[in-house]
Amino acid sequence: MRYEAVIGLEVHVQLATASKIFSGASTTFGAEPNRQASAIDLGLPGVLPVPNQAAFEMAVKFGLAIGAEIGTYSAFDRKNYFYPDLPKGYQISQFDAPIVKQGQVTIVLEDGQEKSIRVTRAHLEEDAGKSIHDAYDGMTGVDLNRAGTALLEIVSEPDLRSAKEAVAYLKIIHSIIRYLGISDGNMAEGSMRCDCNVSIRPVGTNTLGTRTEIKNVNSFRFVERAINSEIARQIDLLDDGGRVTQETRLYDPDRDETRSMRSKEEANDYRYFPDPDLLPVVLDAGFIDACRATLPELPDARKVRYVRDYGVTEYDASVLVADREIADYFEAVAKESGQGKLAANWVMGTVLSELNQTDHAITQFPVQPAALTQLIVRIADQTLNSKTAKTVFEGLMRQEGSVDAIIAARGLVQVTDRGAIEALVERVLASHPEQVANYRAAADEKRPKMLGFFVGQTMKASQGKANPQQLNAVLIAKLQEDDGA
Amino acid sequence: MSTLNSLSLIEQINGLAAGTFSATELVKAHLDAIDRHRALNAFITVTPELALDAAARADQLRARGEATELAGIPIAHKDLFCTEGVLTTCGSRMLSRFVAPYDAEVVTRCKAAGLSMLGKLNLDEFAMGSSNENSAYGPVRNPWDLDRVPGGSSGGSAAAVAARLTPLATATDTGGSIRQPAALTGTCGLKPTYGRVSRWGMVAYASSLDQGGLIARSAADLAIGLAVIAGHDPKDSTSARDLVPSYRDALDSPLKGLRIGLPTAFFDHRMSDAMRTRLTTVIQALTDLGAAMIEVELPHIDHAIPAYYVIAPAEASSNLSRFDGVRFGHRAADPKDLNDLYTRSRGEGFGSEVKRRILMGTYALSEGYYEAYYKKAQQIRRLIKMDFLQAFTQCDLLLGPTTPGVAFPIGAKTQDPVAMYLEDIYTVATNLAGLPGGSFPAGRIDGLPVGFQLMAPHFAESRILNVAHQVQQVTPWHHDHPEGL
């Protein structure tokens, strides 16, 4: 039987508030264990939570960015369960009245088709601390630095049909939160974590199968692999006449498989009830309008504008806008150089591949937009050709100076003097009489291929500096000039 | 033997201001009294050094003319208010060694007013009880009869004030825990409006009902104390922003034309003849002062006890989850595993009434029972609040008994929790409605004191204190005290 997967994601995003959601403790990552936990985060007797307004602003911005209805009345509930890294024995979350109601995002499928994915809700909650199981010889360490960090939990509808769609959705969410500046989205540090709900059903049916939840997957790659391995496991089960049990599973990237963590029967009864320490939060239109006023241009809008203003293709635009800093970089170059397509080619080709190899953040990249702009200007004014431009770029990577300085130092000015090119061509033709004769004897349709040899030889003779278009034209003219003579 | 401790709060203030005695002499007199009456078991911790230090500071300031009015006046805190550097036990074995790194807001305000803390007062464990028999530190005895309970949960506060061990004691009231012990010890107790006094640092029993307040020897003394502890606190999200009026200025308003409502349910066949006689004398005094009595209905009042005993335990079950043996409080020796750590730490640390309420509350919040219990109880709560608001359209405040009868013998109700819970039958409704309520002496039955209760609209504490003060101008009951004191 053929199956289709039905997938929904729960994405936990750590909000970039300077202090925690209900206390004044700092949220910086990487401090000594338990040094960033205040009496409130430790849940000492008698302490009380006070909500951090910045978290509400960030949540509202996210809601506005996905076109969601904002919960003007939202309330906090307690989710009760015992765990050593949950100091109060309950997590403050939003159950009945989330701050962000239904919205949607658009993903681009592999075939270029767009698909709308519904976001059920997004709610504010506090993060738990961390249990450290392997460092203390049979004992568990508890680090509460993370406890109380503001989280936005973004819950999608089960609209995703493949691991690739799930990753595309996750990347869009990542892109939006980064654009909004509400989270660094760093999955390795746990600033963005993903639970995947996965079920399968025979193609053509509409009922939902029994789902499993894969907890805490922490990279785009692992999300794709975890979902694929879970789909495969479920298909094997059903094909063998078995049944999927509703349970929570963990993905083990080393073995590329999911394994059972707890079944539904063992699941906690969280005993949700309204947190009596916190009053319901009523947001007025002024607050929401103020959040709206600070919304940056979002990736979708930017994509449309890049196609319109810089003449780049839809596909190129979608790659360029995915990361706000890369998009800003591209736009600076495209705008200043007036060469949108060239800028897109350089950013997507050279710059992104360098970034991938070196793990640089683009803001720390050695070639900043002003330098790349200069380089592209010199290509456009034909001072450089693609080959010499590459050389100059390498010089820029090594911080050898400005574009013009590198051109001067290496004598890379393109030869565009027709006389000089003609002289070069004549010298090359003279030293290869046999090839010239063959060219002239060949049929028209074969000639373009044979021309490459002369182009290469002449370019080499010019040390790569000849203007390629001119070189081509002169060569063809010279070869035809004496044709049949 | 100094008798300075038998002076009322106002007399103490006047004596200090006139230089009749020093704060040091005053505090010493109270410390001596505490020592003489150790059999009452009113204190869990006595802090003579701190009290004398504060008194000495007050004397120095007063000599320089820089003292606040209350500088050096003794006070004692219910051991549910956190005190930086001083043990805070909540009457529980769980916190037998807990020293908070912060002061409760109430404690901070008392310090700022210059009051000297004598120590921490005994109570029912985590404020759960109506007799002060549920304390890991032993029962408190009623100064009127050492074989009887002082009421609870603020039994230590009431006994200490009745026995002249302190002129002023902080207390807390979740379902009657200030008013009931005040009534049973012949003292005056005020539970302010929910939100009037900060809950920061007041260890939570049932957060939506808990309210800090005071026990003293007269309405006028309460007015002085309330001015110290009332007011908005940004550390408590449920703290009210309403301005604090001058409670003292309101004391002398004439009662002519005041409409006092008598809830029919409070005066029905369940009231004993002896209690009716006491209430009738109070009503006569009020009538003589020019107030008019009208009968009012509180249609849902009989549901108050069951609703309270769902909501309060539900919140308690969650509030007390933080006592898990992981970060602070009692930890079982040599736990085998996590579950063993939890079950034995909590099993050993909590007393039986606390366990009973945690179990009841956990049950009431459980999946499948939430709607039938917690949600229904909240609906009843809203109806009761509406009953009161409706009644206050007809009258300015309500009058009733505080308790069904006099203080009962130690041990009389410990085997019958429901009989114990009915001690709160006249008091819980104001907690459910968030209203202020006060209990004031109404004379004695068989030699033991009983109280009358006043209930007012939200934030109308002044009205309660005004009416009680006027009654106290024309009746002698609040001057009654146990023989030999």
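First, a word on scope: everything that follows refers to the structure included in this document. The shown structure was predicted, so the numbers you read here are calculated from the model rather than taken from an experiment.

What follows concerns the overall build of chain A. Check the secondary structure of chain A and you find 16 helices and 15 strands. Each principal axis of the C-alpha atoms in chain A carries an extent, and together these give about 100 × 55 × 50 Å. Across the 485 residues that make up chain A, the buried fraction comes to 50%. Long-range pairs, those at least 24 residues apart, make up 68% of the contacts in chain A with a sequence separation of at least 6.

Let's shift gears to the sheet that holds strand 10 (residues 192-202) of chain A. All names here are of chain A. With mixed pairing, the eight strands of this open sheet are ordered in space as 5-6-9-1-10-11-12-13. Every interior strand has two partners, whereas the edge strands, strand 5 (103-108) and strand 13 (257-263), have only one. Between one strand and the next, the sheet's axes are offset by a mean angle of 30°, whatever the strand orientation. Pairing of strand 12 (residues 247-252) with strand 13 involves six bridges; the strand directions are antiparallel. The partner of R249 across the bridge, within strand 13, is S260.

Below, the discussion takes up the interface of chain A and chain B. The parts lose accessible area when they come together, and the size of an interface is often stated as this lost area. In this assembly, 31 residues from chain A lie in contact with 39 residues from chain B. Note on chain A versus chain B: buried area summed over both sides is about 2,700 Å², and carbon and sulfur give 60% of it. When the buried area of chain A at its contact with chain B is split by residue, P45, F82 and R271 of chain A rank highest and sum to 23% of it. Where chain A packs against chain B, one counts one salt bridge. Of the charged contacts, one joins R199 of chain B and D277 of chain A as a salt bridge, the two residues approaching to 3.1 Å between their closest N and O atoms. Inspection of the chain A/chain B interface yields 16 residue pairs in polar contact (both at pLDDT 80 or more).

Here the focus is the pattern of salt bridges. Enumeration according to the criterion identifies 61 salt bridges over all chains in this entry. Across the salt bridge formed by R418 of chain A and E422 of chain A, the nearest N and O atoms sit 3.2 Å from each other. Residue R418 of chain A and its partner E422 of chain A are located together in helix 13 (residues 418-431), separated by four residues, close to a single helical turn. Among the residues examined, E422 of chain A registers a relative accessible area of 25% and is labelled partly exposed. Across the pair R109 of chain B and E105 of chain B runs a salt bridge, and its minimum N-O distance is 2.8 Å. On the criterion of helical spacing, the pair formed by R109 of chain B and E105 of chain B is a turn pair, its members being four residues apart in helix 4 (residues 105-112).

With that settled, consider the environment of V304 of chain A. All names here are of chain A. Its location among the elements puts V304 in helix 6 (residues 299-310). V304 sits in the exposed class, given a relative accessible area of 53%. As a C-alpha pair, V304 and E314 span ten residues in sequence and 7.9 Å in three-dimensional space.

Let us now look at helix 10 (residues 369-380) of chain A. Residue and element names in this part refer to chain A. The first and last C-alpha atoms of helix 10 sit 16 Å apart over twelve residues, in line with the 16 Å expected at 1.5 Å per residue. Within the sequence span of helix 10, burial applies to P369, L372, T373, L375, I376, R378 and I379. Turning to helix 10, the residues buried within the fold contact helix 8 (324-337), helix 9 (340-358), helix 11 (386-397) and helix 12 (403-410). Downstream of helix 10 by a residue or two, Q382 has a phi angle that is positive, lying close to 70°.

All names here are of chain B. Burial of strand 10 (residues 437-445) is extensive: eight of the nine residues sit out of reach of the surface. Of the pairings in the sheet, the one linking strand 5 (residues 188-191) to strand 10 comprises three bridges and is antiparallel in character. If you follow G189 over to strand 10, its bridge partner there is S439. Two elements, strand 10 and strand 11 (residues 448-455), share seven bridges in a ladder whose sense is antiparallel. Considered in strand 11, the bridge of P441 is made with G451. Hairpin geometry of strand 10 and strand 11 is characterised by an intervening segment of two residues between the two adjacent antiparallel strands and by a positive phi of about 50° at D446.

Attention now moves to the nonpolar core. Judged by nonpolar contacts, the single largest core of 148 residues is most densely connected at F126, F388, L399, F440 and L465 of chain B. Ranked by residue count, the leading element in this core is helix 10 (residues 304-319) of chain B, at nine residues. Excluding residues that lie within four positions of it along the chain, F126 of chain B makes contacts with L80, C90, S92, L95, V203, Y205, L320, F323, F350 and V354 of chain B. By size, the runner-up hydrophobic cluster in this structure holds 104 residues, among which are L15, L160, A344 and I407 of chain A.

Next up on the list: helix 12 (residues 352-365) of chain B. All names here are of chain B. With 14 residues, helix 12 should cover 20 Å at 1.5 Å per step; its first-to-last C-alpha distance of 20 Å lies within 8% of that length. Here helix 12 has its buried residues at E353, V354, R357, I358, G361, A364 and L365. Angularly, the buried residues of helix 12 cover 135° about the axis, an arc narrow enough to put them on a single face. In helix 12, the exposed residues that point more than 90 degrees away from the buried face are S352 and L359.

Let us now look at the pairing of strand 5 of chain A. Residues and elements named next belong to chain A. Alternating positions in strand 5 separate cleanly, G103, V105 and I107 being buried on one face and Q104, T106 and V108 remaining unburied on the opposite face. Note: strand 5 against strand 6 (residues 114-126), six bridges, orientation antiparallel. When the bridges of strand 6 are listed, T106 appears paired with S116. The turn linking strand 5 back onto strand 6 is made up of five residues, and G112 within it adopts a positive phi angle of 90°.

Attention now goes to the sheet that holds strand 14 (residues 273-274) of chain A. In space, the three strands of this open sheet follow the order 4-3-14 (chain A), with antiparallel pairing throughout. Each of the sheet's edge strands pairs with one partner strand only, and the pair in question is strand 4 (90-93) and strand 14 of chain A.

So, about a nonpolar patch on the surface. Residues and elements named next belong to chain B. The grouping of Y363, Y369 and Y373 at the surface amounts to a nonpolar patch, some 290 Å² of accessible area in total. Note that Y363 resides in helix 12. Residue class for Y363 comes out partly exposed when judged on its relative accessible area of 41%.

All names here are of chain B. Put simply, helix 10 and helix 12 touch, their axes get as near as 7 Å, and they point 100° apart. Here helix 12 runs roughly perpendicular to helix 10, going by the angle between their axes. Of the residues in helix 12, those in contact with Y309, V310, P313, A314 and S317 of helix 10 are R357, I358, M360, G361, T362, A364 and L365. Looking at the contact of helix 10 with helix 12 residue by residue, the class counts come to eight nonpolar, three polar and one charged.

It is worth spelling out unusual backbone geometry at this point. Cis geometry is adopted by the peptide bond preceding S153 of chain B, which originates at G152 of chain B and carries an omega value of 10°. For S153 of chain B, the position within the fold is in the loop between strand 3 (116-121) and helix 5 (155-162). Positive phi is not limited to glycine here, since Q399 of chain A has a value of about 60°. By secondary structure assignment, the location of Q399 of chain A is in the loop between helix 11 and helix 12. The class for Q399 of chain A is exposed, based on a relative accessible area of 57%. Even without being a glycine, C90 of chain B presents a positive backbone phi close to 55°. Looking at the element boundaries, C90 of chain B is found in the loop between strand 2 (74-78) and helix 4.

This part takes up the packing of aromatic side chains. A full pass over the atoms with the stated rule returns 29 aromatic pairs over all chains. Seen from their ring centres, F22 of chain A and F76 of chain A are 5.3 Å apart, and the 80° between their planes marks the pair as edge-to-face. Linking F22 of chain A in the loop between strand 1 (3-14) and helix 1 (39-42) with F76 of chain A in the loop between strand 2 (73-74) and strand 3 (77-80), this pair joins segments that are 54 residues apart in sequence. Pairing F126 of chain B with F323 of chain B gives two aromatic rings, centres 5.0 Å apart and planes at 50°, and the pair type is tilted. Residue F126 of chain B is located in the loop between strand 3 and helix 5, and its partner F323 of chain B is located in the loop between helix 10 and helix 11 (338-349); the two are separated by 197 residues in the primary sequence. For the pair formed by F126 of chain B and F323 of chain B, the shared burial category is buried. Site record: aromatic cluster; members linked through ring pairs are F98, F126, F323, F328 and F350 of chain B. Note that K79 of chain A overlies the ring of Y270 of chain A, its terminal NZ or CZ placed 4.4 Å from the centroid. Lying across the ring of W346 of chain A, K390 of chain A places its NZ or CZ 5.5 Å from the centre.

Procedures and definitions
Residues numbered from 1 in each chain as written. Chains lettered and ligands numbered in written order. Predicted model: local features only at pLDDT ≥ 70, side-chain atom pairs only at ≥ 80, totals over all residues. Heavy atoms only, no water. Helix = DSSP H or I, 4+ residues; strand = E, 2+ residues; numbered from the N terminus. Buried < 20%, exposed > 50% of the residue type's maximum accessible area, 1.4 Å probe, protein only. Contact = heavy atoms within 4.5 Å. Pairing = 2+ DSSP bridges. Axes fitted to C-alpha atoms, helices over the stretch in contact; angles between N-to-C directions. Buried area = accessible area lost by both parts, 1.4 Å probe. Salt bridge = Lys/Arg side-chain N within 4 Å of Asp/Glu carboxyl O. Polar contact = N/O pair within 3.5 Å; in protein donor to acceptor, adjacent residues only side chain to side chain. Expected span 1.5 Å × (residues − 1). Core = buried A, V, L, I, M, F, W, Y, C linked by side-chain atoms within 4.5 Å. Arc of directions from axis to C-beta. Patch = residues over 30% accessible without salt bridge, like charges linked within 9 Å, V, L, I, M, F, W, Y side chains within 5 Å. Areas by Shrake-Rupley, 256 points an atom, 1.4 Å probe, with all protein chains shown as cover. Parallel < 35°, antiparallel > 145°, perpendicular 65-115°, else oblique. Nonpolar A, V, L, I, M, F, W, Y, C, P; charged D, E, K, R; others polar. Phe/Tyr/Trp six-rings, centres within 6.5 Å; stacked < 30°, edge-to-face > 60°. Lys NZ or Arg CZ within 6 Å of the ring centre and 35° of its normal.

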